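# An overview of the molecular structure
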Amino acid sequence: MQATPHSAPGMDYSACRFFIRRLNSHTPGKPAEIPPASLPLIGFIYVTSGQVLVETDGNPYLCQTGHALIIPASHPFSVRYYHDAAGYTGAFSTSLLSDTKPLRFLTEPVHQAFWFDEGVFMGELFNMILLSFEKGDDLFINKAMDLFLSRIKSGKTVAVPDIVNRFLESAFNPDLGIGTISSYAAQAGISENYLSRQVKQSTGRSVGEWIDAVRIVRAKKLLSETFLPIIDVATAVGLADQSYFARFFKRGTGQTPSEFRKTMQG
């Protein structure tokens, strides 16, 4: 069963103080739709490998290896993209904690990076939290979450330049067409080289790789949710050549567009 980085649709959180589940997009299986969510709990994601792009309060947060994102209760969020992502995701109530002082900073999402040994430690801590959750060990969960939150620095966010944030926001905006490197650079009023350099340095991926990721995300959505002919899907994501689109899609997903549609709709 593939775990995607979002809450379970339809889950009743009224009596829930804490939940956690493993994030693992490597696992083969039918990909689940990732709906927008707004929880009455404080949400969190910790990424041990790969990338997860989360949008909340209208801002994109690119979570990579060793990154944690904490989302205040009732703040709407959605996962726009994830790639080879592993880690942990869940939510908690303040009633779980013995000390709520670390949460006084939580008026907006907090995005923090844990580097090197600290990142490894956090990954092990979350694994122990998951095992304790499965065993019903509330005492350890309480102490472990206190420890995690004590490591969060007030107002600490991962430094991603505004130019890169605006590019990601535009690229993943479903109301906008898929652009080119030159169009995104022109939109930002900068050169293509400068945009390319900033995006690569901040995200580890080139502008072209992000554009390809957007094409895959949108093609998957159209193939799974509509009965558009594949040539029309190809055109909709900016690849009018159906043969090239089929090769491009298979290279990115391991399936042809027809195979993917059959899996999703069959």
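Please refer to the structure placed before this passage.
Everything in this summary refers to the structure shown in the same document. (Residues numbered from 1 in each chain as written. Predicted model: local features only at pLDDT ≥ 70, side-chain atom pairs only at ≥ 80, totals over all residues. Heavy atoms only, no water.)

## A short note on the pattern of salt bridges
With the rule as written, the count across this model stands at 3 salt bridges. Here Arg80 ties to Glu55 by a salt bridge, and the two come within 2.3 Å at their closest N and O atoms. Separated by 25 residues along the polypeptide, Arg80 in strand 5 (residues 77-92) and Glu55 in strand 2 (residues 42-56) bring together distant segments of the chain. The class for Arg80 is buried, based on a relative accessible area of 18%. For Glu118, the salt bridge identified is with Arg151, shortest N-O distance 3.6 Å. Of the two residues, Glu118 is situated in helix 1 (residues 116-135) and Arg151 in the loop between helix 2 (138-150) and helix 3 (162-171); the sequence distance between them amounts to 33 residues. (Salt bridge = Lys/Arg side-chain N within 4 Å of Asp/Glu carboxyl O. Helix = DSSP H or I, 4+ residues; strand = E, 2+ residues; numbered from the N terminus. Buried < 20%, exposed > 50% of the residue type's maximum accessible area, 1.4 Å probe, protein only.)

## A word on the nonpolar core
One finds Phe18, Ile20, Phe92, Phe126, Ile129, Met145 and Phe148 to be the most contacted residues of the largest nonpolar core, which totals 27 residues. Setting aside anything within four residues of it in sequence, one finds Phe92 in contact with Arg17, Phe18, Leu41, Ile42, Phe44, Leu97, Leu103, Met145 and Leu149. (Core = buried A, V, L, I, M, F, W, Y, C linked by side-chain atoms within 4.5 Å. Contact = heavy atoms within 4.5 Å.)

## A short note on unusual backbone geometry
You will see that Ser74, though not glycine, has its phi angle at about 70°, which is positive. Structurally, Ser74 is set in the loop between strand 4 (67-71) and strand 5. Phi angles above zero are rare outside glycine, and Asp84 is one such case at about 45°. Position of Asp84 relative to the elements: it lies in strand 5.

By themselves, these figures tell us nothing about what the structure is for.
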